[in-house]
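If you want the building blocks of each chain, they are given just below.
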Amino acid sequence: MVSEEGPRNVQNSPQIAVEVGSPVTDIEHATVEDDPLRWGNARKTAILIIVSAGSMIAGLAVSIQNPANAQIQSDLQASASEISWTLSVFIIVQGVPGLIWSAISEIKGRKFVYVSSVALFVVASAIVAVSKTISLVIGMRGLQAAGSSALMSIAAATLADIYEPHERGTKMGIYYSAPLLGPALGPILGGVLTQGLGWRSVFWFITICAGVVLLALVFLFKDTFRKERSLTYQNVLQMRAKEGELRHQHLDKSNHAFAAIDKPARPVPESVASLQETRDLDVEANGPTVVPASSMKDVNLSLADVNPFPPLLKILTCRNNLAILFASGLIFAFSYCISYTCSRTLSEYYSYDALQIGLVLLSYGTGSICGSILGGRWSDRTLARLKQENGGKSYAEMRLASTRPVMWFLPPAIIGYAWVCEKHVHVAAICIMLCLSGFFSTWVYASTLAYIVDANPGRSSTVVATNSAFRCVFAFVAIEVAIPIQVTIGDGGLYTLWGGIMIIMEVLTLAVLYKGKKWREACEEKYKRKSQQP
């Protein structure tokens, strides 16, 4: 229960000891039992490694099949279109279920979602490995994607659970380097396994790797989710408190009407009574008021309570979120497009086999990993510097200032890649331009990923799942149109066009840097007024 004498020292208390109705402006620091933010570095690092390894395998599953496509097509008597669908289905499906996994994680916690989704991924991978028809392969690739989507959509939210904002840029950069490493290594591993053991060994390899991650999640991963820091839980509690208050008022009226009967009113449950003192219905819009942990013990949520679509709508109606989601989606689409079309260029004009193609594409993966890690660290340093210059106060958009130095170099690097491919120069030039394009693009992405979490406190899993959905939809469209455009105007025209698209991405990012704070505050104010309407 809440102290009647005011706020107490809550360092060792299992409950949130704040005065009911006192606004807690930072829900991410509400006091909780076994605070994940205070865990030791060893435990935090173990969690970072586990979710990064899972994300790497999810990324690996996209590209490791490519060197085996010819064998799959021959063995299963499939058409080129059906083989293409095994990739397209994986990409588009990977983005959508993340919203559902995010909602479930608000009920059952992160660990339940991870274990369930990775188990689904393991089973689907094993079935692909023994499939006798291409239809079964396509269907199970869809299930693989559904299982891997949780790793891609809530891993960043897990890191937000355990790391402070000033650390997130670095940790997000390390985390995001893992799913980039997967596509970089995929063609090499796929080529070696296919040539040595056949195409089925590719999927048995994925099954074994995912099984190891599943065991780590079961035995080594500790759940990071805390109800007190979830806006979903807070909003449900506030609404139920409002309902309880209305019922209480109705009982009071009945008691006055039948006072002569002298019938005592039914007591209001203690958990609801404590909640009734909290007046604001929508804490998401009100800077939010945190409800005591003791009140949460009596509340069980269902999927109806954590419907992901209302929070999704709130995210998408804020201009700062929408702009950065488009920017993120464009970067991800570029990454998939360049890997996909480069393989075709190297095969057709350089007569490279699967292993040689994989080694060339490793240069893009290496640049991307370096850009992600260094960009994340620079993002944290920039945030710390600007916070100090602003009198010790910071806001989420400050982080995006770290993207400005590389914006000058990203479009030229992509256009440079366009014309070294178009002119079929020595492959070393292609490797250099691939490395630079990967480095500069993921430098920007590391900051946008950290920003989208910082700008949406209390709903990190939903916003990261939304980001994942945007990425995969953009990647799906990019892959579907890439080859026809490449055939029509060549690599020179295609990647000159991509250079222009990256300028649009940079404009969106800069718009959020300079206008995002104003947009975000206006959005919060709008929902605050809406929540106060009867």
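Residues numbered from 1 in each chain as written. Predicted model: local features only at pLDDT ≥ 70, side-chain atom pairs only at ≥ 80, totals over all residues. Heavy atoms only, no water.

Moving on, we get to the overall build of the protein chain. Secondary structure assignment for the protein chain yields 18 helices and zero strands. For the protein chain, the proportion of contacts with a sequence separation of at least 24, taken over those separated by at least 6, is 83%. Summed over all atoms, the accessible surface of the protein chain reaches about 22600 Å², with 62% contributed by carbon and sulfur. (Helix = DSSP H or I, 4+ residues; strand = E, 2+ residues; numbered from the N terminus. Contact = heavy atoms within 4.5 Å. Areas by Shrake-Rupley, 256 points an atom, 1.4 Å probe, with all protein chains shown as cover.)

With the rule as written, the count across this model stands at one disulfide. Bridging Cys318 to Cys523, the disulfide has an S-S length of 2.0 Å. Taking the torsion about the sulfur-sulfur bond, which here is approximately -60°, the covalent link between Cys318 and Cys523 counts as left-handed. With a gap of 205 residues between them, Cys318 in the loop between helix H12 (309-316) and helix H13 (319-349) and Cys523 in helix H18 (residues 460-532) connect regions that are remote in the sequence. Taken individually, Cys318 and Cys523 each receive the classification buried, so the pair is uniform in this respect. The structure places no disulfide on Cys342, whose sulfur is separated from the nearest cysteine sulfur, that of Cys421, by 5.5 Å. Free cysteine: Cys431, not disulfide-bonded; nearest cysteine sulfur from Cys342 at 8.1 Å. (Disulfide = S-S within 2.5 Å. Buried < 20%, exposed > 50% of the residue type's maximum accessible area, 1.4 Å probe, protein only.)

The gaps left among the atoms become clear once a water-sized probe is rolled over them. What the rule picks out here adds up to seven cavities of 30 Å³ or more. Taken as a whole, the largest cavity holds about 360 Å³ of empty space. The wall of the largest cavity is formed by 25 residues, among which Ser63, Pro183, Ser335, Tyr336 and Ser339 lie closest to the centre. Elements with a minimum of two residues in the lining of the largest cavity: helix H1 (41-63), helix H3 (80-95), helix H7 (165-197), H13 and helix H14 (354-389). (1 Å grid on protein atoms, 1.4 Å probe; cavity = no way out; pocket = protein on both sides within 12 Å on 5 of 7 lines; lining within 4 Å. Points joined across faces, edges and corners; volume = space filled by probe spheres on them.)

Our next topic: the pattern of salt bridges. In total, this model carries eight salt bridges according to the counting rule given. Measuring nitrogen to oxygen at the nearest pair gives 3.4 Å for the salt bridge that ties Glu348 to Arg344. Taken as a pair, Glu348 and Arg344 lie in helix H13 at a separation of four residues, close to a single helical turn. You can call Glu348 partly exposed: its relative accessible area is 44%. The class for Arg344 is partly exposed, based on a relative accessible area of 28%. Where Arg385 meets Glu389, a salt bridge forms, and the shortest distance between an N and an O atom there is 3.4 Å. One end of the pair is Arg385 and the other is Glu389, both in helix H14 and four residues apart, which spans about a single turn. A residue is classified by how much of its surface remains accessible, and Glu389, at 58% relative accessible area, is exposed. Salt bridges here are not isolated pairs; linked through shared partners, they connect Asp380, Arg399 and Asp454. (Salt bridge = Lys/Arg side-chain N within 4 Å of Asp/Glu carboxyl O.)

Another point: a nonpolar patch on the surface. On the surface, Val123, Ile127, Val130, Leu136 and Trp204 cluster together into a nonpolar patch covering about 400 Å² of accessible area. Relative to the assigned elements, Leu136 resides in helix H6 (residues 134-162). (Patch = residues over 30% accessible without salt bridge, like charges linked within 9 Å, V, L, I, M, F, W, Y side chains within 5 Å.)

What follows covers unusual backbone geometry. Positive phi, close to 55°, is recorded for Gln77, a residue that is not glycine. Along the polypeptide, Gln77 turns up in the loop between helix H2 (69-75) and H3. What makes Gln77 exposed here is its relative accessible area of 73%. For Ser351, which is not a glycine, the phi torsion comes out positive at approximately 55°. Residue position: Ser351 is located in the loop between H13 and H14. Taking relative accessible area as the criterion, Ser351 reaches 62% and is therefore assigned exposed.

Bringing the packing of H7 against helix H17 (residues 427-454) into the picture now. Between H7 and H17, the shortest axis-to-axis distance is 9 Å and the interhelical angle comes to 125°. One element, H7, and the other, H17, form an angle in the oblique class. Between H7 and H17 lies a crossing whose hand is right-handed. Contacts between H7 and H17 involve Pro165, Arg168, Gly169, Met172, Gly173, Tyr175, Tyr176 and Leu180 on the former and, on the latter, Thr442, Tyr445, Ala446, Leu449, Ala450, Val453 and Asp454. For the contact of H7 with H17, a count of residues per class yields ten nonpolar, three polar and two charged. (Axes fitted to C-alpha atoms, helices over the stretch in contact; angles between N-to-C directions. Parallel < 35°, antiparallel > 145°, perpendicular 65-115°, else oblique. Left-handed = near helix turned anticlockwise from the far one by under 90°. Nonpolar A, V, L, I, M, F, W, Y, C, P; charged D, E, K, R; others polar.)

In this section: the environment of Tyr451. Within the secondary structure, Tyr451 sits in helix H17. Expressed as a C-alpha distance, the spacing of Tyr451 and Leu400, which sit 51 residues apart in the sequence, is 7.2 Å. Every residue in contact with Tyr451, bar those within four places of it in the chain, is listed here: Asn320, Ile324, Ala396, Glu397, Arg399, Leu400 and Val512. Separated by 3.0 Å, the side chains of Tyr451 and Asn320 make a polar contact. (Polar contact = N/O pair within 3.5 Å; in protein donor to acceptor, adjacent residues only side chain to side chain.)

Moving on, we get to the packing of aromatic side chains. One pass over the full model with this rule turns up 13 aromatic pairs. Summarising the aromatic geometry, the rings of Tyr417 and Tyr495 are spaced 5.1 Å apart at their centres and angled 85° between planes, so their arrangement reads as edge-to-face. Of the two residues, Tyr417 sits in helix H16 (residues 410-422) while Tyr495 sits in helix H18, which places them 78 residues apart along the sequence. The residues Tyr417 and Tyr495 share a single accessibility class, namely buried. (Phe/Tyr/Trp six-rings, centres within 6.5 Å; stacked < 30°, edge-to-face > 60°.)

What follows deals with the packing of H1 against H6. Closest axis-to-axis distance for the H1/H6 pair is 9 Å, and the angle between their directions is 150°. The angle between H1 and H6 places the two elements in the roughly antiparallel class. Judged by the sense of rotation from one axis to the other, the crossing of H1 with H6 is left-handed. Contact residues: H1 offers Lys44, Ile47, Leu48, Val51, Gly54, Ser55, Ala58, Ala61 and Val62, while H6 offers Arg141, Ser148, Leu151, Met152, Ala155, Thr158, Leu159 and Ile162. For the contact of H1 with H6, the per-class residue count stands at eleven nonpolar, four polar and two charged.

A few words on the side chain of Ser437. Relative to the assigned elements, Ser437 resides in helix H17. Taking the relative accessible area as the measure of exposure, Ser437 reaches 0% and is therefore buried. When sequence neighbours within four positions are dropped, the list of residues in contact with Ser437 reads Phe334, Tyr364, Leu410, Ala413, Ile414 and Tyr417.

A few words on the nonpolar core. Core analysis: the largest hydrophobic core is formed by 124 residues, its most contacted members being Tyr417, Ile430, Tyr495 and Trp498. With 16 residues, H18 is the largest single contributor of residues to this core. (Core = buried A, V, L, I, M, F, W, Y, C linked by side-chain atoms within 4.5 Å.)

In short, shape yes, function no, at least from these values alone.
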